[in-house]
Amino acid sequence: MQIALVATCTALCAQERPTYALPKVTVTGTSSGPVEKSYRKMVQGMDYFERARAAIAPNASLRFKLLPRKPGTDMDHIVLEVIGSTFDYEVPIAPDHTFVLERNLKALQENAVVSPNRKRLSMTWRTEIRTPGLPPNSRRLGDLRLECQVGLEADLVSNSSLIARVADLFTDNKSYCDRKDSRYLYFAERPVFSVTLVVGARREVLPIDQLYAMASDDPDLKYDLPYCDCEMLVDRTYFLPLGDHSWPDDTRVEFEYMEDRR
Amino acid sequence: MTIAPARLALCNAAFMVCLCVAGCANTGVFDPSPEGPGSARTPTGQSLAPQAAMDMIAMGKSAKADVSAAIGRAIVIPFDSGYEVWVYRWAGSDKTTRAATELVVLFEPSGLATKVRVRPGYATPN
């Protein structure tokens, strides 16, 4: 419960406390209903991406991504639909579990939902913003900064508790992504052994508490994991110093994976 | 902006939850206790430098028991995959994890060390 509660209050504490905060997490309750998102909110995220990309990630493209949250979740046969009150249509999902949303006026008017045929808590969502042409096993920090902002704008990472709703009344979610101590959970493609920031001659390896959902410093993590959308992805999880602008957007984020051979 | 009293009370309650639950999470700092896990020491209790500790680990040969016997108890991060990460830390100029030097060892599911690295500490910007 610790992560859930702290994540809930993260935004609320933002003004008052200069200390650190645990990761933003998705807490979506215990209903057996599907994992669904608001089409309008996702389009809102797409709009934000179009407005912000020129400054942060001018050559990048946006996709959305589905990730497993519970063991045994079948990620390879997902049917994803946009469902309004008078229509529905299927959204193709790529083999890497990413997809794009087409803009559809009727879906906006009918306040449609984007719904995969999977139960709540079985999956989670993220944005995937990539600049083409980067070296293998690397990402661009500006892309990842924008992933955080668009993810929050699109309400992909959300809390549904009462406290979180109250917190939302007082804060601009996206500003969380620009805090030096932001704890937006990123997931690497595979289990990571190290993550290094590189710009010019400057290199810095992230400390271990920036990997694995802070497992190094949280002996109770296993009790918190059911409340974290990183539950199945701990070995792929990392944080970034999003608000530290001594690292420019062109900073490369390099990954060494556990199973890589040197 | 006017804040309704009830909303303010709820806001305060939420903030108190923050304070009570891990103090809004004390990440980025650590307690470099020499007795705690993650302090690299020889079996006779002498502290080890990061490179010396790393040199005592043989890739593909050292098992977990070998490593703990040689350099002491680690901070252990187990994963469902069977992989395990062990961490030893040396405090830097302050108690931040950024300033700390780290020795990180990866054990594959067979229990043998398969990767090791030393992360240098970095000066905390003013």
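These lines cover the structure that appears in this document, whether it is placed above or below. (Residues numbered from 1 in each chain as written. Chains lettered and ligands numbered in written order. Predicted model: local features only at pLDDT ≥ 70, side-chain atom pairs only at ≥ 80, totals over all residues. Heavy atoms only, no water.)

Another aspect to go through is the pattern of salt bridges. All names here are of chain A. Evaluated as defined, the whole model comprises 20 salt bridges over all chains. Two residues, Arg126 and Asp229, come together in a salt bridge whose shortest N-O distance is 2.8 Å. Taken together, the residues Arg126 in strand β7 (residues 123-130) and Asp229 in the loop between α6 (221-224) and β12 (237-238) connect sequence positions 103 residues apart. Judged by relative accessible area, which is 0%, Asp229 ranks as buried. Among the salt bridges present, the one from Asp260 reaches Arg190, with a minimum N-O distance of 3.2 Å. Of this pair, Asp260 sits in the segment after β13 (252-257) while Arg190 sits in the loop between β9 (186-187) and β10 (192-199), and the two are 70 residues apart along the sequence. You can call Arg190 partly exposed: its relative accessible area is 34%. What you see here is one network of salt bridges that share partners, running through Lys65, Glu128, Arg130 and Glu189. (Salt bridge = Lys/Arg side-chain N within 4 Å of Asp/Glu carboxyl O. Helix = DSSP H or I, 4+ residues; strand = E, 2+ residues; numbered from the N terminus. Buried < 20%, exposed > 50% of the residue type's maximum accessible area, 1.4 Å probe, protein only.)

Residue and element names in this part refer to chain A. Summed over all chains, the structure comprises two disulfides over all chains. Through a disulfide, Cys148 is tied to Cys177; the S-S separation comes to 2.0 Å. In this structure the cystine formed by Cys148 and Cys177 twists about its S-S bond by roughly -85°; its chirality is therefore left-handed. You can see Cys148 sitting in helix α4 (residues 141-153) and its partner Cys177 sitting in the loop between α5 (162-170) and β9, a full 29 residues away along the chain. Assigned by exposure class, Cys148 and Cys177 land together as buried. Linked covalently through their sulfurs, Cys228 and Cys230 form a disulfide whose S-S length is 2.2 Å. On the S-S bond that ties Cys228 to Cys230, the torsion sits near 125°, and the link is right-handed. Like Cys228, the residue Cys230 is buried in the burial classification. (Disulfide = S-S within 2.5 Å.)

Take the packing of helix α2 (residues 39-56) of chain A against α4 of chain A next. Residue and element names in this part refer to chain A. Close contact between α2 and α4 brings their axes to 8 Å; oriented N to C, the two are set at 150°. Overall, the two elements α2 and α4 adopt an arrangement that is roughly antiparallel. The handedness of the crossing between α2 and α4 is right-handed. Each of Lys41, Gln44, Gly45, Tyr48, Phe49, Ala52, Arg53 and Ile56 in α2 lies in contact with α4, whose residues at this interface are Gly142, Arg145, Leu146, Gln149, Val150 and Glu153. Split by residue class, the contact of α2 with α4 holds six nonpolar, four polar and four charged. (Axes fitted to C-alpha atoms, helices over the stretch in contact; angles between N-to-C directions. Parallel < 35°, antiparallel > 145°, perpendicular 65-115°, else oblique. Left-handed = near helix turned anticlockwise from the far one by under 90°. Contact = heavy atoms within 4.5 Å. Nonpolar A, V, L, I, M, F, W, Y, C, P; charged D, E, K, R; others polar.)

So, on to the pairing of strand β2 (residues 61-68) of chain A. Residues and elements named next belong to chain A. In terms of burial, β2 is a largely internal element, six of the eight residues being buried. Bridging between β2 and β7 involves eight bridges; their strand directions are antiparallel. Bridged to Phe64 within β7 is Thr127. Inspection of the sheet shows β2 paired to strand β5 (residues 98-99) by two bridges, in the antiparallel sense. (Pairing = 2+ DSSP bridges.)

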